[in-house]
Amino acid sequence: GTGLWTLIAGTGIITNPSSEISAVTGLSVGTNIFEWSITNGVCTFYDTVNIVVYALPTIANAGSDQTVCFDSSTFAGNTPTVGTGMWTLIAGTGTITISSSPTSSVTGLSMGTNSFQWTITNGTCPPSIDTVNIILLPPTTIAGAGPDQSLCNVTVSTFAGNTPIVGSGVWTLIAGTGTITTPTSETSSVSNLSVGTNTFVWTITNGSCPPTTDTVNIIVYPLPTTALAGPDQSLCADSTILNANIPTIGTGLWTLVSGTGTIANPNSPTTNVTGLS
């Protein structure tokens, strides 16, 4: 018998239709069906072959590298228009929620660099591959601004903040007055403090992570009014009225330092005192 190739679906130009091993060109994407028939007189046998042509897959784009502060994130891969995509872990750790989703979430990231690959495949065509790195930063040091300070009639002090192990710190004034000598030093000096409460905040930052903060109050008290207890008294009775000055700054307090006496109101400059010996 004699053979003959014929196109029955799709496209294709058969170079030598009567040759069983003919070349064929001009195939279209998808399924192209050809029939090989062998005829001998009035007898014919047929068989078909499918030649499936796959389009090149969409070029993979895994998205920009990420720097995160928590052990989970979301991918930003592109959606394939040709082919199907798949995420795979290639370095570090991470549990991919939906490996075929370009925007899948991922959890369980480890400290440092975690690398993931977005692969788009289509049939027998070479895959398109792109990689994204998700860098997990270590936790920012918890800020400690030190204990509040109470000062007497001075305008200069020194901070007692903690040293950042992770991140960098800076002092800022949020109430009162004060000139910070070295804002990035946890033990910077501060001058020009005003009388009253001066409040400062110590902020530690680490990349894009939320900062940690703590505040410290530096309270400056003015010198108290000079105490005047009044003139000495000579009495013929065992009670009298004290005659001290009224404080304009601070509070006064009477105390017995020798002899005997019951002070009626220790905070009053003109209190009664009885039981004198």
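The structure under discussion appears in the preceding block.
Numbering of residues starts from 1 in every chain and runs along the sequence as written. Local features are withheld for residues below a pLDDT of 70 in this predicted model, meaning they are given only at 70 or higher, and side-chain atom pairs are given and counted only at 80 or more; totals for whole chains, interfaces and linings count all residues. Think of the side-chain values as coming from all heavy atoms in the structure, minus any hydrogens and water.

Asks: Talk me through the sheet that holds strand S12 (residues 128-136); I want residue IDs and the actual numbers.
Replies: Two strands form a pair only when DSSP identifies at least two bridges running between them. Helix and strand assignments follow DSSP, with helices taken as H or I runs no shorter than four residues and strands as E runs no shorter than two, numbered in order from the N terminus. The strand order S6-S12-S11-S8 describes an open sheet built from 4 strands, whose pairing is mixed. At either margin of the open sheet sits one strand with a lone partner, and together these are strand S6 (66-68) and strand S8 (84-91). Looking at each pair of strands side by side, their axes are set apart by 25 degrees on average, direction ignored. Strand direction decides the pairing type here: S6 and S12, joined by 3 bridges, are parallel. Bridge pairing links Thr67 to Ile135 in S12. Here the axes come from fitting lines to C-alpha atoms, over the contacting stretch only for helices, and the angles between their N-to-C directions go from 0 to 180 degrees.

Asks: Outline the packing of aromatic side chains, listing residues and values.
Replies: In this analysis, rings of Phe, Tyr and Trp, with Trp reduced to its six-membered ring, are considered paired at centre separations within 6.5 Å, and the interplanar angle assigns stacked below 30 degrees, edge-to-face beyond 60, and tilted for intermediate values. By the definition in use, this model includes 7 aromatic pairs. An angle of 35 degrees between the planes, with centres 4.9 Å apart, marks the rings of Trp5 and Trp36 as tilted. With Trp5 in strand S1 (residues 2-9) and Trp36 in strand S4 (residues 30-40), the pair connects residues that are 31 residues apart, well separated along the chain. The residues Trp5 and Trp36 share a single accessibility class, namely buried. Through pairs of rings, three or more aromatic residues link up here, namely Phe75, Trp87, Phe116 and Trp118. Under the scheme applied here, a residue whose accessible area is under 20% of the maximum for its type counts as buried, over 50% as exposed, and between as partly exposed, the area being computed with a 1.4 Å probe on protein chains only.

Asks: So what about the layout of surface pockets? Which residues, and what values?
Replies: Take a probe with the size of a water molecule and roll it over the atoms, and the empty space left behind shows itself. In this analysis, the protein atoms alone were mapped onto a 1 Å grid. Cavities are point sets where a 1.4 Å probe fits without being able to get out; pockets are open sets with protein on both sides within 12 Å along at least five of seven lines; lining residues have an atom within 4 Å of a point. Grid points are joined across faces, edges and corners, and a volume is the space filled by probe spheres set on the points. The calculated volume of the largest pocket comes to roughly 460 Å³. The wall of the largest pocket is formed by 21 residues, among which Leu242, Trp254, Leu256, Val273 and Leu276 lie closest to the centre. A class-by-class count of the residues in the lining of the largest pocket yields 10 nonpolar, 10 polar and 1 charged. Here the second largest pocket is characterised by a volume of approximately 290 Å³. Lining the second largest pocket are 19 residues, and of these Ala227, Ala244, Asn245, Gly252 and Leu253 sit closest to its centre. Gly is placed with the polar residues, together with every amino acid not listed as nonpolar (Ala, Val, Leu, Ile, Met, Phe, Trp, Tyr, Cys and Pro) or charged (Asp, Glu, Lys and Arg). Per-class residue counts for the lining of the second largest pocket are 11 nonpolar, 8 polar and no charged.

Asks: So what's going on with the sheet that holds strand S15 (residues 168-175)? Which residues, and what values?
Replies: Taken in spatial order, the 4 strands line up as S13-S19-S18-S15 in an open sheet, and their pairing is mixed. At either end of the open sheet lies a strand with only one pairing partner, and these are strand S13 (149-152) and S15. Neighbour-to-neighbour, the strand axes of the sheet open up by a mean angle of 25 degrees, direction not taken into account. Judged from the 4 bridges that link them, S13 and strand S19 (residues 212-221) form a sheet pairing that is parallel. Paired with Ser150 across the strands is Ile219, a residue of S19.

Asks: Summarise the pairing of strand S18 (residues 196-205); cite the residues concerned and give the values.
Replies: Of all 10 residues making up S18, 7 are buried, and the element is well covered by its neighbours. One ladder, built from 7 bridges, connects S15 with S18; its direction is antiparallel. From the neighbouring strand, Gly169 faces S18, where its bridge partner is Ile204. Pairing analysis gives 9 bridges linking S18 to S19, with the strands arranged antiparallel. The residue of S19 that forms the bridge with Thr203 is Thr213. Where S18 hands over to S19, the hairpin turn is made up of 6 residues, of which Gly207 adopts a positive phi near 60 degrees.

Asks: Tell me about the environment of Ser128, residues and numbers included.
Replies: By the element assignment, Ser128 lies in strand S12. Along the sequence, Ser128 and Glu35 sit 93 residues apart, while their C-alpha atoms lie 34 Å from each other. Residues in contact with Ser128, not counting those within four places in the same chain, are Pro57, Thr58, Ile59, Ala60, Trp118, Thr119 and Ile120. Any two residues whose heavy atoms approach within 4.5 Å are treated as being in contact.

Asks: Please give an account of the state of the cysteines that cites residues and values.
Replies: The disulfide criterion used throughout: a pair of cysteine sulfur atoms within 2.5 Å. A full pass over the atoms with the stated rule returns 1 disulfide. Between the sulfur of Cys69 and that of Cys209 lies a disulfide, 1.9 Å long from S to S. Every disulfide takes its handedness from the sign of the S-S torsion; for Cys69 and Cys209 that torsion is -105 degrees, giving left-handed. Note that Cys69 is positioned in the loop between S6 and strand S7 (72-74) and Cys209 in the loop between S18 and S19, a separation of 140 residues in sequence. Judged by its relative accessible area of 7%, Cys209 falls in the buried class.

This is a description of form; function is not addressed.
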